[in-house]
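Descriptive analysis of the structure
If you want the building blocks of each chain, they are given just below.
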Amino acid sequence: MRHDVPSTVARSDDKAVRTYKKTLESAEETYGDGERAHRTAYASLKHTHEKVGDHWEPKERPGPSDPQAALGTPASRDRPRETAQGVDANASKGHLDEVARKVGVDRPEVMAKDDLVRAIEKANARATARARRRR
């Protein structure tokens, strides 16, 4: 079940894997096999999960993770914006502080929310790179 999903999804809980795979299958029927189908699957996953280190964890509340995700299609395709790379930028500052501590960000409580999101993104990227080198 996990061999045909991206590595970060494969290291996640079963619900994340199912969400990604079911959405991908549906998107491939609609858009064909390709980048658009995979982007759709990630967009669906980001509504229920957030990236924490090298895997995805369930969010406290489902919903869009950043302003780009909130646009929906076709607006998100027509007016692309920067994304938070799976970090739930719409979460509370307190929640982001907790996630930051999990991924090794020093003193998150003194950071502004936007800076905290970027620091988590960087820590997640480092954790994913380390996990991929271990394989």
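Now for a quick tour of the structure. (Residues numbered from 1 in each chain as written. Predicted model: local features only at pLDDT ≥ 70, side-chain atom pairs only at ≥ 80, totals over all residues. Heavy atoms only, no water.)

**Concerning the nonpolar core**
Basically, it comes down to this: Throughout this description, the term nonpolar core refers to a set of buried Ala, Val, Leu, Ile, Met, Phe, Trp, Tyr and Cys residues connected via side-chain atoms within 4.5 Å. Accessible area is worked out with a 1.4 Å probe on protein chains only. A residue is then buried under 20% of its type maximum, exposed over 50%, and partly exposed in between. A run of H or I in DSSP becomes a helix once it reaches four residues, and a run of E becomes a strand once it reaches two; helices and strands are each numbered from the N terminus. Contact between two residues is taken to exist if any of their heavy atoms lie within 4.5 Å; hydrogens are not considered.
Within the largest apolar cluster, 15 residues are counted, with the highest numbers of intra-cluster contacts made by Val87, Leu96, Val103, Val105, Val117 and Ile120. Contributing elements (two or more residues each) for this core: helix H6 (93–102) and helix H7 (113–134). Among the elements that take part in this core, H7 stands out by supplying five residues, more than any other. When residues no more than four places from it in sequence are discounted, the contact partners of leucine 96 are Val87, Asp88, Ala91, Lys113, Leu116, Val117 and Ile120.

**Re the layout of surface pockets**
Selection criterion: Whether a set of points on the 1 Å grid over the protein atoms alone is a cavity depends on a 1.4 Å probe fitting there but being unable to get out, while an open set qualifies as a pocket with protein on both sides within 12 Å along at least five of seven lines; lining residues are those with an atom within 4 Å of a point. Grid points are joined across faces, edges and corners, and a volume is the space filled by probe spheres set on the points. Ten residues, namely Ala, Val, Leu, Ile, Met, Phe, Trp, Tyr, Cys and Pro, are considered nonpolar, four, namely Asp, Glu, Lys and Arg, are considered charged, and the remaining ones, Gly among them, are considered polar.
Of the voids in this model, the largest pocket is the one considered here, and its volume is about 520 Å³. As for the largest pocket, its lining consists of 18 residues, of which Arg39, Ala43, Gln68, Thr73 and Ser76 are closest to the centre. Counting residues per element, the ones that place at least two in the lining of the largest pocket are helix H3 (35–48), helix H4 (67–71) and helix H5 (75–78). No other element matches H3, which puts seven residues into the lining of the largest pocket. Residues belonging to the lining of the largest pocket are distributed by class as follows: five nonpolar, seven polar and six charged. Every residue lining the second largest pocket is counted, 13 residues in all, and those nearest its centre are Lys46, Lys51, Trp56, Gln85 and Gly86. Listed by contribution, the elements that provide at least two residues to the lining of the second largest pocket are H3 and H7.

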